[in-house]
Amino acid sequence: MRRAPLTIERYREALGWVIRDVGDLPLSRLNVAHVLSVRRNMDQRRCGEARVAAVLNALRAFLRFCREVLRVATLDPREIRVPRIPRRDVLFLTRDEVERFLDAIIRPGERWEEVPLARLRFRALVEVLLGTGARVSEVLGLDRRDVDFQRMEAKIVGKGNKQRVLFFTDRALEWLGRYLSRRRDDEGPLFVTRGDRPRRLSYDAVKNAFKRVTQRAHPTKKVTAHVLRHTMATTLLLNGCPIGHIKELLGHERLDTTCRYYLGVDVRAVKGAHRKFLRYEEENAGEDL
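Residues numbered from 1 in each chain as written. Predicted model: local features only at pLDDT ≥ 70, side-chain atom pairs only at ≥ 80, totals over all residues. Heavy atoms only, no water.

K.L.:
Could you give an account of a nonpolar patch on the surface, with specific residues and numbers?
P.N.:
A grouping of Phe65, Val69, Leu70 and Val72 is seen on the molecular surface, where their side chains present a nonpolar patch of about 340 Å² in accessible area. With respect to the helices, strands and loops of the structure, valine 69 is situated in the loop between α3 (49-68) and α4 (95-105). Taking the relative accessible area as the measure of exposure, valine 69 reaches 53% and is therefore exposed. (Patch = residues over 30% accessible without salt bridge, like charges linked within 9 Å, V, L, I, M, F, W, Y side chains within 5 Å. Areas by Shrake-Rupley, 256 points an atom, 1.4 Å probe, with all protein chains shown as cover. Salt bridge = Lys/Arg side-chain N within 4 Å of Asp/Glu carboxyl O. Helix = DSSP H or I, 4+ residues; strand = E, 2+ residues; numbered from the N terminus. Buried < 20%, exposed > 50% of the residue type's maximum accessible area, 1.4 Å probe, protein only.)

K.L.:
Mind laying out helix α7 (residues 170-182), listing which residues take part and the relevant values?
P.N.:
Under the 1.5 Å per step criterion, the end-to-end length of α7 is 19 Å for 13 residues, consistent within 8% with the ideal 18 Å. Where α7 is concerned, the buried positions are Ala172, Leu173, Trp175, Leu176, Arg178, Tyr179 and Leu180. (Expected span 1.5 Å × (residues − 1).)

K.L.:
I'd like a rundown of α4, residues and numbers included.
P.N.:
Every buried residue belonging to α4 is among Glu97, Val98, Phe101, Leu102, Ala104 and Ile105, and all of these are buried. In an axial view of α4, the angular spread of the buried residues amounts to 155°, which keeps them on one side of the axis. When the buried face of α4 is taken as reference, the exposed residues oriented beyond 90 degrees from it are Arg95 and Asp96. (Arc of directions from axis to C-beta.)

K.L.:
Lay out the pairing of strand β2 (residues 153-157) in plain terms, naming residues and giving numbers.
P.N.:
The pairing of strand β1 (residues 147-148) with β2 spans two bridges and is antiparallel. What sits directly across from valine 147, in β2, is alanine 154. Here β2 pairs with strand β3 (residues 163-167) via five bridges, running antiparallel. The residue of β3 that forms the bridge with glutamate 153 is phenylalanine 167. (Pairing = 2+ DSSP bridges.)

Here's what the structure looks like:
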């Protein structure tokens, strides 16, 4: 089954936690006690529930693959209990916060032709994330040839090996074009590292760039690529976009996933609905009973 490079990287890193704690055991010897040991050690390291769940889910997926595809006798993945992750509020940026973040990458008055290429690359990446609502792994997996500037779209294979189309805004394509015009290499990936031998930009490099810019723009607020995805979706919702369209733009398989994340965000609409529809008085309430 095809997986995004970032997914493979995260699975590898998660399984490394298991191997570090239980050793390089034959799969047939892995048992529930080993899994509990991994969980206990992660608790001692003060890992959050989301981190524990990520590691255990990776282990379950690996064991399922071994049993169903490789036909290797292993621990039943269903015996691994994964902690429930409490639902969190959707984090997103307001319009002013978006502008402040963008200004922290390239300051007002700076000429894009003269800023260091790394900053121009990051600005283009952020604009693409804000303009498409794509996952960062999906954007980093794009090649130049994937982007149709005329149609303002790109076909991708997203989460769950599902093909979908990303739609770009004018501003996203403008900044992407500026970045590509400054490139002096012929490499295929849309975003690459600098140097004599450019390589596809990595998730870790992007994560570090977000940390540096966030410290300048929003010291008290954590901004990540996923927060920009939420920002795109909530902006659409607050501007009146139907939730079904948001589902398709985000690449969610199920509508209830989109509803669970975003329907509680539009407080203005909820308050308006409360005032409009909550009436205990009947039309004929003034009549005698």
